[in-house]
There are 2 protein chains.
Amino acid sequence: MKIRVAIAGYGNLGRGVEAAVTHTEDMECVALFTRRDPKTIATATNIPVYHMDDAAGMQDKIDVMILCGGSANDLPCQTPELARYFNVIDSFDTHAKIPEHFANVDAVCKESGKVGIISVGWDPGLFSLNRLMGQAILPTGSDYTFWGKGVSQGHSDAIRRIDGVLDARQYTIPVEEAMNRVRNGENPQLTTRQKHVRECFVVAEDGADLNAIEQAIVTMPNYFADYNTTVHFISMDELKANHNGIPHGGVVFRCGTTGLNNENKHIIEYKLSLDSNPEFTSSVLVAYARAAYRLSQNGENGCKTVFDIAPALLHPSSPEEQRKNLL
Amino acid sequence: MKIRVAIAGYGNLGRGVEAAVTHTEDMECVALFTRRDPKTIATATNIPVYHMDDAAGMQDKIDVMILCGGSANDLPCQTPELARYFNVIDSFDTHAKIPEHFANVDAVCKESGKVGIISVGWDPGLFSLNRLMGQAILPTGSDYTFWGKGVSQGHSDAIRRIDGVLDARQYTIPVEEAMNRVRNGENPQLTTRQKHVRECFVVAEDGADLNAIEQAIVTMPNYFADYNTTVHFISMDELKANHNGIPHGGVVFRCGTTGLNNENKHIIEYKLSLDSNPEFTSSVLVAYARAAYRLSQNGENGCKTVFDIAPALLHPSSPEEQRKNLL
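Residues numbered from 1 in each chain as written. Chains lettered and ligands numbered in written order. Predicted model: local features only at pLDDT ≥ 70, side-chain atom pairs only at ≥ 80, totals over all residues. Heavy atoms only, no water.

*Asks:* What exactly am I supposed to notice about the pattern of salt bridges here?
*Replies:* Any two side chains of opposite charge can pair if their charged atoms end up close together. Applying the stated criterion to the full structure yields 31 salt bridges over all chains. For A:Arg35, the salt bridge is made with A:Asp74, and the minimal N-O distance between the two is 3.2 Å. One end of the pair, A:Arg35, is in the loop between β2 (27-34) and β3 (49-51); the other, A:Asp74, is in the loop between β4 (64-67) and α2 (75-82), with 39 residues separating them in the sequence. Residue A:Asp74 is classed as buried on the basis of its relative accessible area of 18%. Among the salt bridges present, the one from B:Asp143 reaches B:Arg254, with a minimum N-O distance of 2.9 Å. One end of the pair, B:Asp143, is in strand β7 (residues 141-147); the other, B:Arg254, is in strand β12 (residues 248-258), with 111 residues separating them in the sequence. (Salt bridge = Lys/Arg side-chain N within 4 Å of Asp/Glu carboxyl O. Helix = DSSP H or I, 4+ residues; strand = E, 2+ residues; numbered from the N terminus. Buried < 20%, exposed > 50% of the residue type's maximum accessible area, 1.4 Å probe, protein only.)

*Asks:* Where do I start with the packing of helix α4 (residues 126-137) of chain A against helix α4 (residues 126-137) of chain B in this structure?
*Replies:* To characterise two packed helices, one gives the angle between the axes of the helices and the distance between these axes. Closest axis-to-axis distance for the α4(A)/α4(B) pair is 14 Å, and the angle between their directions is 170 degrees. Put simply, α4(A) runs roughly antiparallel to α4(B). Residues A:Leu126, A:Leu129, A:Met133 and A:Ile137 of α4(A) lie in contact with α4(B), whose contacting residues are B:Leu126, B:Leu129, B:Met133 and B:Ile137. For the contact of α4(A) with α4(B), the class distribution of residues is 8 nonpolar, no polar and no charged. (Axes fitted to C-alpha atoms, helices over the stretch in contact; angles between N-to-C directions. Parallel < 35°, antiparallel > 145°, perpendicular 65-115°, else oblique. Contact = heavy atoms within 4.5 Å. Nonpolar A, V, L, I, M, F, W, Y, C, P; charged D, E, K, R; others polar.)

*Asks:* Explain the relation of the copies chain B and chain A here, please?
*Replies:* Here the two chain copies are tied together by a rotation about an axis and a shift along that axis. Rotating chain B by 180 degrees about the axis while translating it 0.0 Å along that axis superimposes it on chain A, leaving an RMSD of 0.0 Å. Given the turn and translation reported, the copies of this chain are related as if by a two-fold rotation axis. The share of interface residues of chain B whose copies in chain A are also at the interface is 100%, consistent with both copies meeting through the same surface. (Least-squares fit on C-alpha atoms with pLDDT ≥ 70 in both.)

*Asks:* It is not clear to me how the interface of chain B and chain A should be interpreted in this structure. Could you clarify?
*Replies:* Each partner contributes to the interface: chain B provides 66 residues, whereas chain A provides 67 residues. Roughly 5,700 Å² of surface becomes buried between chain B and chain A when both sides are summed, with 65% attributable to carbon and sulfur atoms. Together, B:His23, B:Arg323 and B:Leu327 form the three largest contributors to the area buried by chain B at its contact with chain A, with a combined 14%. Connecting chain B to chain A are 0 salt bridges. Counting across the interface, chain B meets chain A through 26 residue pairs in polar contact (both at pLDDT 80 or more). Looking at the side of chain B that touches chain A, the elements with two or more residues in it are α1 (12-22), α3 (98-112), α4, β12, β13 (264-274), α10 (277-297) and α11 (319-325) of chain B. If one sorts the elements of the side of chain B that touches chain A by residue count, β13(B) sits on top with 11 residues. Across the side of chain B that touches chain A, the residue classes tally to 33 nonpolar, 22 polar and 11 charged. Sheet analysis places strand β13 (residues 264-274) of chain A next to β13(B), joined by 9 bridges and oriented antiparallel. By the bridge assignment, A:Leu274 is partnered in β13(B) with B:His266. (Buried area = accessible area lost by both parts, 1.4 Å probe. Polar contact = N/O pair within 3.5 Å; in protein donor to acceptor, adjacent residues only side chain to side chain. Pairing = 2+ DSSP bridges.)

*Asks:* What's the story with the side chain of A:Glu18 in this structure? I'm lost.
*Replies:* In this structure, A:Glu18 sits in helix α1 (residues 12-22). Buried and without a salt bridge, A:Glu18 has A:Arg15 as its closest oppositely charged side chain, separated by 6.5 Å. (Lys, Arg positive; Asp, Glu negative; His and termini not counted.)

*Asks:* What should I look at first to understand the environment of B:Lys265 in this one?
*Replies:* In this structure, B:Lys265 sits in strand β13. B:Lys265 gets classed as partly exposed once you look at its relative accessible area, which sits at 42%. In the structure, B:Lys265 is positioned 127 residues away from B:Leu138 in sequence and 9.8 Å away in space, judged by C-alpha atoms. Excluding residues within four positions of it along the chain, B:Lys265 makes contact with A:Ser273, A:Leu274, A:Asp275, B:Gly185, B:Gly256 and B:Thr257.

*Asks:* Looking at this structure, how should I read the sheet that holds strand β14 (residues 302-304) of chain B?
*Replies:* Strand-to-strand pairing in sheets goes through backbone hydrogen bonds, with the strands running parallel or antiparallel. Residues and elements named next belong to chain B. Taken together, the 7 strands give an open sheet; going across it, the order is β3-β2-β1-β4-β5-β6-β14, and neighbouring strands pair in parallel fashion. Here the strands that pair on one side only, and so sit at the sheet edges, are β3 (49-51) and β14. The sheet shows a mean angle of 25 degrees between the axes of neighbouring strands, direction not considered. Here α1 sits on the sheet in contact with β1 (3-8), β2 (27-34) and β4 (64-67), set at roughly 160 degrees to β2. Its contacts with the sheet put helix α2 (residues 75-82) on β1, β4 and β5 (87-89), and the angle it makes with β4 is roughly 175 degrees.

*Asks:* Any chance you could explain the nonpolar core here in plain terms?
*Replies:* Most often, soluble globular proteins keep nonpolar side chains buried together rather than apart. One finds A:Met65, A:Phe280, A:Tyr288, B:Met65, B:Phe280 and B:Tyr288 to be the most contacted residues of the largest nonpolar core, which totals 156 residues. Beyond its immediate chain neighbours, meaning those up to four positions away, B:Tyr288 contacts A:Met133, B:Ile89, B:Ile117, B:Val120, B:Leu129, B:Val306, B:Ile309 and B:Leu314. (Core = buried A, V, L, I, M, F, W, Y, C linked by side-chain atoms within 4.5 Å.)

*Asks:* Would you take a moment to explain the packing of α2(B) against α3(B) for this structure?
*Replies:* Residue and element names in this part refer to chain B. For the pair α2 and α3, the least separation of the axes is 8 Å and the interaxial angle reads 20 degrees. By the angle between their directions, the pair α2 and α3 is classed as roughly parallel. In this structure, α2 crosses over α3, and the sense of that crossing is right-handed. Together, Leu-75, Pro-76, Thr-79 and Pro-80 of α2 and His-101, Asn-104, Val-105 and Val-108 of α3 make up the contact between the two elements. Split by residue class, the contact of α2 with α3 holds 5 nonpolar, 3 polar and no charged. (Left-handed = near helix turned anticlockwise from the far one by under 90°.)

*Asks:* In this structure, what is going on with the sheet that holds strand β5 (residues 87-89) of chain A? I would like to understand it.
*Replies:* All names here are of chain A. The strand order across the open sheet formed by 7 strands is β3-β2-β1-β4-β5-β6-β14, and the pairing between neighbours is parallel. This sheet does not close on itself; its edge strands, each paired only once, are β3 and β14 (302-304). Each neighbouring strand pair of the sheet contributes to a mean axis angle of 25 degrees, computed without reference to strand direction. Bridging between strand β6 (residues 115-117) and β14 involves 3 bridges; their strand directions are parallel. Within β14, the position partnered with Val-115 by the bridge is Gly-302. In the packing of helix α3 (residues 98-112) onto the sheet, the strands contacted are β6 and β14, and the crossing angle to β14 comes to about 140 degrees. Its contacts with the sheet place helix α10 (residues 277-297) against β1 (3-8), β2, β4, β5, β6 and β14, and it is angled at close to 145 degrees to β4.

*Asks:* Even after reading the chapter, I still don't get the pairing of β1(A), so can you show me in this structure?
*Replies:* A regular strand places its side chains on the two faces of the sheet in alternate fashion. All names here are of chain A. Here β1 lies mainly inside the structure; 6 of its 6 residues are buried. As defined by bridge partners, β1 adjoins β4 across 4 bridges and the pair is classed as parallel. Note that in β4 the partner of Ala-6 across the bridge is Met-65.

*Asks:* Sorry, what's going on with the packing of aromatic side chains here?
*Replies:* Geometrically, a pair of aromatic rings is defined through the distance of the ring centres and the angle of the planes. All names here are of chain B. Considering all chains together, one arrives at 13 aromatic pairs over all chains under this definition. Here Tyr-85 and Phe-86 contribute two aromatic rings whose centre-to-centre distance is 6.3 Å and whose plane-to-plane angle is 65 degrees, an arrangement assigned as edge-to-face. Of the two residues, Tyr-85 and Phe-86, both sit in the buried class. Between the aromatic rings of Tyr-171 and Phe-201, the centroid separation amounts to 5.8 Å while the plane-to-plane angle is 85 degrees, which identifies the pairing as edge-to-face. Here Tyr-171, found in strand β9 (residues 165-174), pairs with Phe-201, found in strand β10 (residues 196-204); they are 30 residues apart in sequence, far enough to count as distant. (Phe/Tyr/Trp six-rings, centres within 6.5 Å; stacked < 30°, edge-to-face > 60°.)

*Asks:* It is not clear to me how unusual backbone geometry should be interpreted in this structure. Could you clarify?
*Replies:* Negative phi is the rule for most residues except glycine; trans is the rule for most peptide bonds. In this structure, A:Pro124 follows A:Asp123 across a cis peptide bond, with omega equal to 5 degrees. In this structure, A:Lys149 follows A:Gly148 across a cis peptide bond, with omega equal to 0 degrees. Checked against the element boundaries, A:Lys149 lands in the loop between β7 (141-147) and β8 (150-151). In this structure, B:Ser119 takes a positive phi of about 60 degrees despite not being glycine. The residue B:Ser119 is located in the loop between β6 (115-117) and α4 in this model. A relative accessible area of 0% means that B:Ser119 is categorised as buried. One non-glycine residue, B:Asn222, lies in the positive phi region at around 65 degrees. Examined against the element boundaries, B:Asn222 turns out to sit in the loop between α8 (210-218) and β11 (228-233).

As structure tokens, then:
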């Protein structure tokens, strides 16, 4: 019998979960929940579509609910609400609000007896794991996280709000020279400007003041002012042809020393190169959904994060097979 | 109150554990056990030294025993024996015999109520974790493990056994071009010869037949015959000056695809660059010793591997601090 997964929300992440489940042999998607009219949605693999209001009545048909909404408006309410009825997984990524979200989900899960795993993905998620393990193994040392090359949705949106802009795509790009200094064990102190550059591809309205748009971008506080930013004006056709993907990735480094006198250096580098940010995040969600199901079967409940999940729970094969084939 | 750690065996690994514990704030080394005459050993940080036979009587003074012997002759007996009295951690690295060793340690731990964690280090250990998680997250894909650049003790020993050889150091070196093909997402099929080369630095006796030594090395079955191997004859002074360290490292890749039609590629790369193989392994052992202590405090028992340990247990700070600072 397969693990019965339901998806809440059918954006990029929900579609990614649908596809990721087809890559497993032990899981199946049994329901998609939406706040839109279910009749208006046709899923790629013919998952039955229901209105979100009908979820509560389907408790006995679903083993894990994967929430695929946004961190700003959807997940703070939806995850605790659905944890009343289901084991839940989300990718809540507002770092500063994780403790509050954790407390909310934990309270509901302890009451309902369900398992919740929040902030699953790659950052927060796999990158967090590597920061934690790096510090645990090399307590004397420094952390570095670089992001990119990848599309930042928030920065792209910020450009689109400028007068005269029709569309835009912003890439966050790590500075290769800075990463190489870290790889060389120099333990550099790096400013924001030294770690990443921002590259913008902008489609402007006919006759727009390109110089004014460029100035508005590069001086925008919080988003661009602290970075070296380049702006390219391109046609809508070029944007669609060359900047349609959602790649991302990055690197977490832990650089530390061992020995009584710190005489030996060690560098741990964890690097992700992702063609599709949402599809990779979805794949992580699905692996942790397997863990949530197994924990729930073992009688556990409460809110967890990636820090609390034994890696064995993520992999479909048995502990014996894992030790034999993977250790 | 600090976690009281004892070390069994005072070779490179034992010295590494002694040093690694000085980098923690929540652990202390309270005893070193040896099969030699304790009076002949002075530890670098003045840990009291006892004979191995006296360990059983010190149960209430020690929270975790870290075994620092060899996988061939020491650990298969020592780990189960000491698990009768202590929570134990070892770095057992004979991959093919892990299931048997696990069963032996598990039986004793279940009887004694202690926690054992075996095969801790970087391979087996951190590399195993990355192989497991890579497969769990990207089920459709390929694994690659490269080792080096680093000193292989077994291959160095094999050269030393050749007639006319006084000393030798063998480096395993990954082929950069092969790694770059993996990084580029080519999913190459790689033979043994295409993945690694072997470089040997050999000190020969005066008047030895250098050509015969070189032929004996490059044609040696299992060790060198399947690799491109280069041999350099150097002086003992040069060996001591330039080849005295024990560096190692390597890379684990998972290259997989997502999407309904595998249309997106993703590459996960986990890379270690280590100045001192034993000191890094020791640092991993110490982090997992913390986990063993915490599991034991929670009433758990039995044998575990890195696959069974939730990452939160490895880090000294509280779950709340971890979520706030690291997630």
